[in-house]
Amino acid sequence: MSTPAIQSAVAQMQSMASQAAGAQHKGQHLSTAVGQGGFANELQSSIQRINRLQQTANAKATAFQSGDPDVALNDVMVDMQKASTAFQMGVQVRNRLVTAYKDVMNMQV
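Reading the values: the criteria
- Residues numbered from 1 in each chain as written.
- Predicted model: local features only at pLDDT ≥ 70, side-chain atom pairs only at ≥ 80, totals over all residues.
- Heavy atoms only, no water.
- Patch = residues over 30% accessible without salt bridge, like charges linked within 9 Å, V, L, I, M, F, W, Y side chains within 5 Å.
- Areas by Shrake-Rupley, 256 points an atom, 1.4 Å probe, with all protein chains shown as cover.
- Salt bridge = Lys/Arg side-chain N within 4 Å of Asp/Glu carboxyl O.
- Helix = DSSP H or I, 4+ residues; strand = E, 2+ residues; numbered from the N terminus.
- Buried < 20%, exposed > 50% of the residue type's maximum accessible area, 1.4 Å probe, protein only.
- Expected span 1.5 Å × (residues − 1).
- pLDDT = per-residue confidence, 0-100.
- Polar contact = N/O pair within 3.5 Å; in protein donor to acceptor, adjacent residues only side chain to side chain.
- Contact = heavy atoms within 4.5 Å.
- Axes fitted to C-alpha atoms, helices over the stretch in contact; angles between N-to-C directions.
- Parallel < 35°, antiparallel > 145°, perpendicular 65-115°, else oblique.
- Left-handed = near helix turned anticlockwise from the far one by under 90°.
- Nonpolar A, V, L, I, M, F, W, Y, C, P; charged D, E, K, R; others polar.

**As for a nonpolar patch on the surface**
There is a patch of nonpolar side chains on the surface, built from Phe39, Met89, Val93 and Leu97 and spanning about 360 Å² of accessible area. For the nonpolar patch, the leading source of residues is helix α3 (residues 73-105), giving three residues. Checked against the element boundaries, phenylalanine 39 lands in helix α2 (residues 39-65).

Spelled out as structure tokens, the structure:
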């Protein structure tokens, strides 16, 4: 990275920091919403995407097993791997959320 690029990045970070400090001093609250719907809607849409991936993979596997000439084995395997990876990611996110919830509940007030 060149020196002008580093200086530009530092200047941007400083302007963001001053904007954030100004917003906190004025008593403005930062929004914790993700996108339009918030965290719960994002979580629900992620679960729905994982479900769609699993349904697509199962449909392709069934079509391949029934002898559909338009479905190749490599497509079935790729879709099954995508669904498996997405499911494992969902399980890890759930585990992290449960751990965070337990940590918050165990905090002394």
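Next comes the rest of the write-up.
**Some details on the pattern of salt bridges**
Working definition: two side chains of opposite charge can pair if their charged atoms are close together. Scanning all chains against the criterion turns up one salt bridge. Note that aspartate 79 and lysine 60 form a salt bridge whose closest N and O atoms lie 2.9 Å from each other. Taken as a pair, aspartate 79 in helix α3 and lysine 60 in helix α2 lie far apart in primary sequence, 19 residues in all. Lysine 60 sits in the partly exposed class, given a relative accessible area of 29%.

**Considering α3**
Between its first and last C-alpha, α3 extends 48 Å over 33 residues, near the 48 Å set by a 1.5 Å rise per residue. Listed in full, the buried residues belonging to α3 are Val76, Asp79, Ala83 and Ala86.

**Some remarks on the environment of valine 78**
In this fold, valine 78 is placed in helix α3. What makes valine 78 partly exposed here is its relative accessible area of 45%. Along the primary structure valine 78 and alanine 57 are separated by 21 residues, whereas in three dimensions their C-alpha atoms are 8.5 Å apart.

**Section: the confidence of the model for the chain**
In this model, the chain carries an average pLDDT of 84, and 83% of its residues clear a pLDDT of 70 or more. Considering each helix and strand of the chain separately, the mean pLDDT is smallest for helix α1 (residues 3-25), with a value of 71, and largest for α3, with 94.

**Details of the side chain of aspartate 79**
The class of aspartate 79 is buried, set by a relative accessible area of 13%. At 2.9 Å, the side chain of aspartate 79 and the side chain of lysine 60 are in polar contact. Residue contacts for aspartate 79: discarding those within four places in its chain leaves Thr56, Ala57 and Lys60.

**With respect to the packing of α2 against α3**
Where α2 meets α3, the closest approach of the two axes is 9 Å, and the angle between their N-to-C directions is 150°. Considering the angle they form, α2 stands roughly antiparallel to α3. Here α2 runs over α3; the crossing is left-handed. Contact residues: α2 offers Phe39, Leu43, Ile50, Leu53, Gln54, Thr56, Ala57, Asn58, Lys60, Ala61 and Phe64, while α3 offers Leu73, Asp75, Val76, Asp79, Met80, Lys82, Ala83, Ala86, Phe87, Met89, Gly90 and Leu97. Looking at side-chain class alone, the contact of α2 with α3 contains 15 nonpolar, four polar and four charged residues.

**Some thoughts on α2**
Each turn of an α-helix holds 3.6 residues, which means side chains three or four residues apart point in the same direction. With 27 residues, α2 extends 39 Å from end C-alpha to end C-alpha; this agrees with the ideal 39 Å at 1.5 Å per step. Among all positions in α2, only Ile50, Ala57, Ala61 and Ala63 are buried. The elements touched by buried residues of α2 are α3. Just beyond α2, the residue with positive phi is glycine 67, at close to 95°.

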